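Listed below are the residues making up each chain.
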Amino acid sequence: MSERLQPGDVAPAFTLPDADGNEVSLSDHKGRKVIVYFYPAALTPGCTKQACDFTDNLSLLAGAGYDVIGISPDKPEKLAKFREKESLKITLLADPDKKVLDAYGAFGEKMNYGKTYMGVIRSTVIVDEQGKVERALYNVRATGHVAKIIKDLGV
């Protein structure tokens, strides 16, 4: 398990396929703030709620200079189904080998019902225009998280 990111750290660079198989890099967003959030699985209740909340608030966030990228270990085909089913407008990226999840400290030991296992830690990292970590939030809740981010960012 890798270290969690801290404010001021350089955000790890990445290039991953989106729901259509097109490569998307963090560097494509240089000069804009980026909300990179990590979620366990497309088409599950909590992840759907979170993705829909980001989509519902996308114009507000974009107007304040933020792009939104969601990353999960799902394959692009599953992300495409997720996007279509829920009418998502945010960028969804596939990280099936979990290298980016690991680099951002969003993959590690979790506990559920008394059992310990390795999995995706629901996390959000806000990257500034220079590619540095502005905020790093780990073990966030799916419900209410987007509203909290908007409030904390003063958007």
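Going by the structure above, here's the rest.
To keep things clear, this report deals only with the structure shown in the data block. (Residues numbered from 1 in each chain as written. Predicted model: local features only at pLDDT ≥ 70, side-chain atom pairs only at ≥ 80, totals over all residues. Heavy atoms only, no water.)

**Section: the side chain of Ser72**
Thought 1: The topology assignment puts Ser72 in strand S4 (residues 66–72).
Thought 2: For Ser72, a relative accessible area of 0% translates into the label buried.
Thought 3: Separated by 3.5 Å, the side chains of Ser72 and Tyr39 make a polar contact.
Thought 4: Sequence-distant contacts of Ser72, defined by excluding residues within four places in its chain, comprise Tyr39, Pro40, Leu79, Leu93, Ala94, Asp95 and Leu101. (Helix = DSSP H or I, 4+ residues; strand = E, 2+ residues; numbered from the N terminus. Buried < 20%, exposed > 50% of the residue type's maximum accessible area, 1.4 Å probe, protein only. Polar contact = N/O pair within 3.5 Å; in protein donor to acceptor, adjacent residues only side chain to side chain. Contact = heavy atoms within 4.5 Å.)

**As for the nonpolar core**
Thought 1: Ile35, Tyr37, Tyr39, Phe54, Val68, Ile90 and Leu92 are the most contacted members of the largest nonpolar core, which totals 24 residues.
Thought 2: Listing elements by their share of this core, those giving two or more residues are strand S3 (33–38), helix H1 (45–56), helix H2 (58–63), S4, helix H3 (76–86), strand S5 (91–94) and helix H5 (145–153).
Thought 3: Among the elements that make up this core, the one with the highest residue count is H5 (four residues).
Thought 4: Here Tyr37 is in contact with Gln50, Ala51, Phe54, Val68, Ile69, Gly70, Ile71, Ile90, Leu92, Ser123 and Thr124, once residues within four sequence places are set aside.
Thought 5: Counting residues in each nonpolar core, the second largest holds 22 residues, with Leu5, Phe38, Leu101 and Phe107 among its members. (Core = buried A, V, L, I, M, F, W, Y, C linked by side-chain atoms within 4.5 Å.)

**Let's talk about the pairing of strand S9 (residues 133–138)**
Thought 1: Bridge count for strand S8 (residues 123–127) against S9 is five bridges, and the pairing is antiparallel. Across the sheet, the residue bridging to Thr124 is Leu137, located in S9.
Thought 2: Between S8 and S9, which pair antiparallel and follow one another directly, the connecting turn spans five residues, one of which, Gly131, has a positive phi of 85 degrees. (Pairing = 2+ DSSP bridges.)

**A closer look at the side chain of Arg122**
Thought 1: Tracing the chain through its elements places Arg122 in the loop between strand S7 (115–120) and S8.
Thought 2: Look at Arg122: it is buried, it has no salt bridge, and the nearest opposite charge is Asp53 at 9.6 Å.
Thought 3: Of note is the side chain of Arg122, whose polar atom sits 2.6 Å from the side chain of Gln50.
Thought 4: For Arg122, the residues in contact, after removing those within four places along its chain, are Phe38, Tyr39, Pro40, Gly46, Cys47, Gln50, Leu137, Tyr138, Asn139, Val140, Arg141 and Ala142. (Lys, Arg positive; Asp, Glu negative; His and termini not counted. Salt bridge = Lys/Arg side-chain N within 4 Å of Asp/Glu carboxyl O.)

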